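Take a look at the letters that make up each chain.
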Amino acid sequence: LIGRLNHVAIAVQDVRAAAALYRERLGAIVSEPVPLPEHGVTTVFVTLPNTKIELLEPLGDNSPIAAFLARHPEGGMHHLCYEVGDILAARDRLKASGARVLGDGEPRIGAHGKPVLFLHPKDMLGTLIEIEEA
Ligand code: CO
């Protein structure tokens, strides 16, 4: 079922400041900010040799990361994203195993233009898990 680690996502208050930190302090390759109103976030991707870091800033009034940032005002790790082959087959297998899929259970198009789903952290060792079709 599970493939590569696609990215680790970190929620931040200011994605431009976070991008500058990764670029200047860590010498990383960092994208421009991309607003994703449908997901309620603005994203920056940091490209590492073996995976990516997704920096997330809340966008709009109902951002899904607003409550997380209220609990972690300094920022913090928000989710992990694993690649899967067939996202609908992966979803059905995960649901059959008792993992809850967030939202209406239908994949949405994520930051990379690929379908994604999120799994409830209470079913996944306290970690919000995103799965993305590779
Ligand atoms: Co993500």
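What you see is a predicted model, and the numbers here were worked out from it, not measured in a lab.

Colleague: I keep staring at the coordination of the cobalt ion and nothing clicks. Help me out?
Modeller: By definition of the ideal shapes, four donors in a tetrahedron about a metal sit 109.5 degrees apart, and six donors in an octahedron sit 90 or 180 degrees apart. Looking at the metal site, the cobalt ion is ligated by H7 (NE2), E54 (OE), H79 (NE2) and E130 (OE), spaced 2.0 to 2.2 Å from it. Viewed at the metal, the four donor atoms of the cobalt ion are separated by angles of 87 to 176°, and the geometry they form is irregular. If you list the donors of the cobalt ion from N- to C-terminus, the spacing comes out as H-x46-E-x24-H-x50-E. One end of the pair, E54, is in strand β5 (residues 52–58); the other, E130, is in strand β9 (residues 129–133), with 76 residues separating them in the sequence. Since its relative accessible area comes to 5%, E130 is described here as buried.

Colleague: Explanation requested: the pairing of β9 in the structure shown.
Modeller: Along any regular strand the residues' side chains alternate between the sheet's two faces. β9 sits mainly inside the fold: four of its five residues count as buried. Here strand β6 (residues 76–84) runs beside β9; their pairing, made up of five bridges, is parallel. Of the residues in β9, the one forming a bridge with Y82 is I131. The pairing of strand β8 (residues 115–119) with β9 spans four bridges and is antiparallel. Across the sheet, the residue bridging to L119 is I129, located in β9.

Colleague: What is the right way to read helix α1 (residues 15–25) from this model?
Modeller: An α-helix turns once per 3.6 residues; consequently, residues spaced three or four apart project the same way. Among the residues of α1, V15, A18, A19 and Y22 are the ones counted as buried. One side of α1 carries all its buried residues, which in axial view fall inside an arc of 100°. Residues of α1 that are exposed and point over 90 degrees away from its buried face: R16, E24 and R25. Among the structural elements, β1 (2–11), β2 (29–30), β4 (41–47) and β5 are those in contact with the buried residues of α1.

Colleague: Where do I start with the pairing of β1 in this structure?
Modeller: The sheet contact formed by β1 and β6 spans seven bridges and is antiparallel. For V8, the partnering residue across the bridge sits in β6 and is L80. Pairing geometry for β1 and β5, over five bridges, is parallel. Among the inter-strand pairings, I10 is bridged to a residue of β5, identified as L55.

Colleague: I would appreciate a short explanation of helix α3 (residues 87–96) in the present structure.
Modeller: For α3, every residue scored as buried is listed here: I87, A90, R91 and L94. Projection of α3 onto a plane perpendicular to its axis shows the buried side chains occupying an angular sector of 100°, all on one side. Opposite the packed face of α3, turned more than 90 degrees from it, sit the exposed residues R93 and A96. Here α3 starts with a cap whose side-chain oxygen sits 3.0 Å from the backbone nitrogen of L88, and that cap is D86. At the exit of α3 stands G98, carrying a positive phi of roughly 100°.

Criteria and cut-off values
Residues numbered from 1 in each chain as written. Predicted model: local features only at pLDDT ≥ 70, side-chain atom pairs only at ≥ 80, totals over all residues. Heavy atoms only, no water. Donors = N, O, S within 2.8 Å, 3.2 Å for Na, K, Ca; no water. Tetrahedral: all angles 85-135°; square planar, octahedral: opposite > 155°, others 65-115°. Helix = DSSP H or I, 4+ residues; strand = E, 2+ residues; numbered from the N terminus. Buried < 20%, exposed > 50% of the residue type's maximum accessible area, 1.4 Å probe, protein only. Pairing = 2+ DSSP bridges. Arc of directions from axis to C-beta. Contact = heavy atoms within 4.5 Å. Polar contact = N/O pair within 3.5 Å; in protein donor to acceptor, adjacent residues only side chain to side chain.

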